[in-house]
Amino acid sequence: MINKKIEAALNKQIEAEANSSNLYLAMASWAEAQGYEGVSNFFYDQSDEERQHMLKLVKYVNERGGRAHICATTEPLKIFDCLTHVFQDFLDHEVEITRLINELVHVCLEEKDYTTQNFLQWYVAEQIEEEAVARTILDKLKLIGTDKGGLYLFDRDINQITVTSAAGPMSE
Ligand code: FEO
């Protein structure tokens, strides 16, 4: 059974994951409209992943005797202008999510809720991987700069870039 403080903290994270899913959906849609098919598929997949992160939390809260709160999502207000800025936003957003997960773990330790703290370790590991992927992609984009041929190849190969980049010691 989770206590009210943990329930509220987990519900806040449910909202954050839902907003992440919405933000990446907006990025996918922007990329699709720009003709970046690979990038749009990447963000559609990211958006789906964030929804899975949200669902995992919803089910956990309900299974542990709490009640998951499904709230309205925030409209992403960012104006996207180029791939480098979009991926910088992606990295910044993941860094912020990592901070929220760490805060959540801290609340669990304060409340001596070691079951939830253990459940959250999956998110801790996931954040290491997501930040690593975002950083690797951003580094590649910075190398390419505004070179059209480079951007064409980047868009074509982005899914391979992420798979190989994420295959470090922390990946499953
Ligand atoms: Fe659910 Fe990308 O963190």
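Note that the structure is predicted; figures quoted are calculated from it, not measured.

Engineer: Requested: an account of helix α1 (residues 4-34), with residues and values cited.
Structural biologist: Taking 1.5 Å as the rise per residue, α1 with 31 residues should run 45 Å; its terminal C-alpha atoms sit 45 Å apart, in good agreement. By the N-cap criterion, in which a side-chain oxygen at the helix start approaches the backbone nitrogen of a residue two or three places on, α1 is capped by Asn-3, the distance to Lys-5 being 2.9 Å. Phi turns positive one or two residues past the end of α1, at Gly-35, with a value near 90°.

Engineer: Lay out the packing of aromatic side chains in plain terms, naming residues and giving numbers.
Structural biologist: Throughout the structure, instances matching the rule amount to 14 aromatic pairs. When the centroid spacing of 6.0 Å and the interplanar angle of 40° are considered together, the rings of Tyr-24 and Phe-43 count as tilted. Taken together, the positions of Tyr-24 in helix α1 and Phe-43 in helix α2 (residues 37-63) put the pair 19 residues apart, joining distant regions of the chain. When its relative accessible area of 0% is taken as the criterion, Tyr-24 is described as buried. With a relative accessible area of 0%, Phe-43 lands in the buried category. Through a chain of ring-to-ring contacts, three or more aromatic side chains come together here, namely Tyr-24, Phe-42, Phe-43, Phe-87, Phe-90 and Phe-154. The ring of Trp-122 carries Lys-56 above its face, with NZ or CZ at 4.4 Å from the centroid.

How each quantity is defined
Residues numbered from 1 in each chain as written. Predicted model: local features only at pLDDT ≥ 70, side-chain atom pairs only at ≥ 80, totals over all residues. Heavy atoms only, no water. Helix = DSSP H or I, 4+ residues; strand = E, 2+ residues; numbered from the N terminus. Expected span 1.5 Å × (residues − 1). Polar contact = N/O pair within 3.5 Å; in protein donor to acceptor, adjacent residues only side chain to side chain. Phe/Tyr/Trp six-rings, centres within 6.5 Å; stacked < 30°, edge-to-face > 60°. Buried < 20%, exposed > 50% of the residue type's maximum accessible area, 1.4 Å probe, protein only. Lys NZ or Arg CZ within 6 Å of the ring centre and 35° of its normal.

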